[in-house]
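Breakdown of the fold
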2 protein chains.
Amino acid sequence: MATIGIILFTLVVTLAVMLGKCQKKPLSNACASFAFNTEMNNLQGYLLPQECEGYVAGYVNSGQYHSDFAVAIEAARTYLNTIEADQDGKDLIVLDIDETALSNMPYYVDHHYGVETFNGETWNAWVNNASAPALDAMLSLYTDFRAQNWSFAFITGRSKSQYNKTAQNLYDTGYTGWKTLVLRLPDEENLTADEYKSKHRKRLEEEGYRIKSCLGDQWSDCSGESAGKRTFKLPNPMYYIY
Amino acid sequence: MATIGIILFTLVVTLAVMLGKCQKKPLSNACASFAFNTEMNNLQGYLLPQECEGYVAGYVNSGQYHSDFAVAIEAARTYLNTIEADQDGKDLIVLDIDETALSNMPYYVDHHYGVETFNGETWNAWVNNASAPALDAMLSLYTDFRAQNWSFAFITGRSKSQYNKTAQNLYDTGYTGWKTLVLRLPDEENLTADEYKSKHRKRLEEEGYRIKSCLGDQWSDCSGESAGKRTFKLPNPMYYIY
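Conventions and cut-offs
- Residues numbered from 1 in each chain as written.
- Chains lettered and ligands numbered in written order.
- Predicted model: local features only at pLDDT ≥ 70, side-chain atom pairs only at ≥ 80, totals over all residues.
- Heavy atoms only, no water.
- UniProt positions renumbered as here; feature names shortened; annotations may be inferred.
- Helix = DSSP H or I, 4+ residues; strand = E, 2+ residues; numbered from the N terminus.
- Buried < 20%, exposed > 50% of the residue type's maximum accessible area, 1.4 Å probe, protein only.
- Axes fitted to C-alpha atoms, helices over the stretch in contact; angles between N-to-C directions.
- Parallel < 35°, antiparallel > 145°, perpendicular 65-115°, else oblique.
- Left-handed = near helix turned anticlockwise from the far one by under 90°.
- Contact = heavy atoms within 4.5 Å.
- Nonpolar A, V, L, I, M, F, W, Y, C, P; charged D, E, K, R; others polar.
- Pairing = 2+ DSSP bridges.
- Salt bridge = Lys/Arg side-chain N within 4 Å of Asp/Glu carboxyl O.
- Polar contact = N/O pair within 3.5 Å; in protein donor to acceptor, adjacent residues only side chain to side chain.

If you check an unreviewed UniProt entry, chain A appears there as Acid phosphatase from Physcomitrium patens. Per UniProt, chain A carries the Sequence similarities (unreviewed entry) text "Belongs to the APS1/VSP family."

Written out as structure tokens, the structure is:
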């Protein structure tokens, strides 16, 4: 009886401590405010603070990231459904690639969710693996709208030298039948993402495409001219690109 | 001894149930995704879904709203500190009023945090009370930058008939020494917030002001021309204005 008493007492103490820990959440969360303001574009050019790695891991692993992403895609879908694409195949949707069409989460899980400074060597090795998975909600939008006379163009900040691996990664994950895949030429490396991407959107319009929308995880993916009447900003808790 | 055993056993069960409840959080939160995508401007023209009232109440009452707001203001402060205002008093910061300079939280607490459709009657009665508190972080930015040759203009969607009550509310809460307070004239009621606000920003520039920044809780507060090189989007979990 005494043994059972001791066991029960130990259990009570253990459970009480666990409950205390579970209930003790900070009233407000500095990393959540950091995340909010980077997504709002109020904080620019940041590197994820070390102390926020756990916050981002929780955001991603709880499913909240994918839920936020899916609702953004749903909003884009609702908007695009108000437009009927012409049969001439000139109605165009512009997409970014990284964290928009493809997910680099396997890479970022290995690199502390963005806490580390950008490392060209490990990043290029990852890109050349061509093994980034598709973001399901985006692939589903892509597939459905491809089937309705819509055309797609990918404009990415990746280097021209990565064309083959990038195209392969897109094909392998199910992104087939796009009109063009634009990567940075060596002489475009000094342009900001904003300048580089608007330049090519403008060129596509000059070639006769009618850009109706643009989707990206960075504000610089779709800011500036020739981005359609509505653009959609997808979540990216890990990094910021000018 | 047996009694103690029963008490301990009961405690174990109670604590285990409480711990279970505490740990049982949904993996992802649909209201959080709704909030994220309205703040991102992906979802437009929405009314807060009834089931999200509790989420917004939690966001506000946990302090997260004020934390997010304060970090946005801090980002604006960092940006504005890179500019030295000229002594001529023509360097201008444009501010919205509701949920930007003044908080209507007391009103929205009484109206389910935005779940109710806009009610002109109760809203106007609230505005005419002139009792909205200042948002502290904004008042502090305002006060500090007023002391450094910066000028401020308020451009609000409130009606011209509410000029006196609005000016009084601003003065009473500590917003003094502004250059102008712009409210909607009857013939501007059919303009979108975007059109109305850019029109007046443009006019201020024609009058010789140099707009360096614009802050508001709605994208329509600072979108379009004449909003400075950088604008700041403040959080507003409760309502959306075109």
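Turning next to unusual backbone geometry. All names here are of chain B. Residue Asn41 is not a glycine yet carries a positive backbone phi of 75°. Checked against the element boundaries, Asn41 lands in the loop between helix H2 (30-39) and helix H3 (53-61). Look at Asn41 and you get buried, because its relative accessible area is 18%. Its identity is not glycine, yet Ser226 carries a phi of approximately 55°, on the positive side. By secondary structure assignment, the location of Ser226 is in the loop between helix H10 (219-222) and strand E5 (230-233). For Ser226, a relative accessible area of 14% gives the class buried.

Residues and elements named next belong to chain A. One way to put it is that helix H4 (residues 64-80) packs onto helix H7 (residues 136-146) with a least axis distance of 9 Å and a crossing angle of 20°. By the angle class used here, H4 and H7 are roughly parallel. Considering only the axes of H4 and H7, their crossing is right-handed. Residue-level contacts link Phe69, Ala70, Ile73, Ala76, Arg77 and Leu80 of H4 to Ala137, Met138, Ser140, Leu141, Asp144 and Phe145 of H7. For the contact of H4 with H7, the per-class residue count stands at 9 nonpolar, 1 polar and 2 charged.

Residue and element names in this part refer to chain A. The topology assignment puts Thr10 in helix H1 (residues 2-23). In this structure Thr10 comes out as partly exposed when scored by relative accessible area, which is 42%. The spacing of Thr10 and Gly89 is 79 residues in sequence and 70 Å in space, taken between C-alpha atoms.

A few words now on the sheet that holds strand E3 (residues 180-184) of chain A. Residue and element names in this part refer to chain A. Strand order in the open sheet formed by 5 strands is E3-E2-E1-E4-E5, with parallel pairing between adjacent strands. Two strands in the sheet have a free side with no partner beyond their single neighbour: E3 and strand E5 (230-233). When the angles between neighbouring strand axes are averaged without regard to direction, this sheet yields 20°. Note that strand E2 (residues 151-159) and E3 share 4 bridges and pair parallel. Within the sheet, the bridge partner assigned to Ile155 lies in E3 and is Val182. Running over the sheet, helix H8 (residues 163-173) touches E2 and E3 and is turned about 140° from E3.

Here we come to the pattern of salt bridges. Residue and element names in this part refer to chain A. Within the structure shown, the criterion is met by 20 salt bridges over all chains. Between Arg77 and Asp144 there is a salt bridge whose closest N-O contact spans 2.8 Å. Here Arg77 is found in helix H4, whereas its partner Asp144 is found in helix H7, with 67 residues between them in sequence. Residue Arg77 is classed as buried on the basis of its relative accessible area, which comes to 16%.

All names here are of chain A. Assignment of secondary structure puts Thr38 in helix H2 (residues 30-39). Here the side chain of Thr38 touches Ala35 through a polar contact of 2.8 Å, landing on its backbone oxygen. Excluding residues within four positions of it along the chain, Thr38 makes contact with Leu43, Tyr46 and Trp219.

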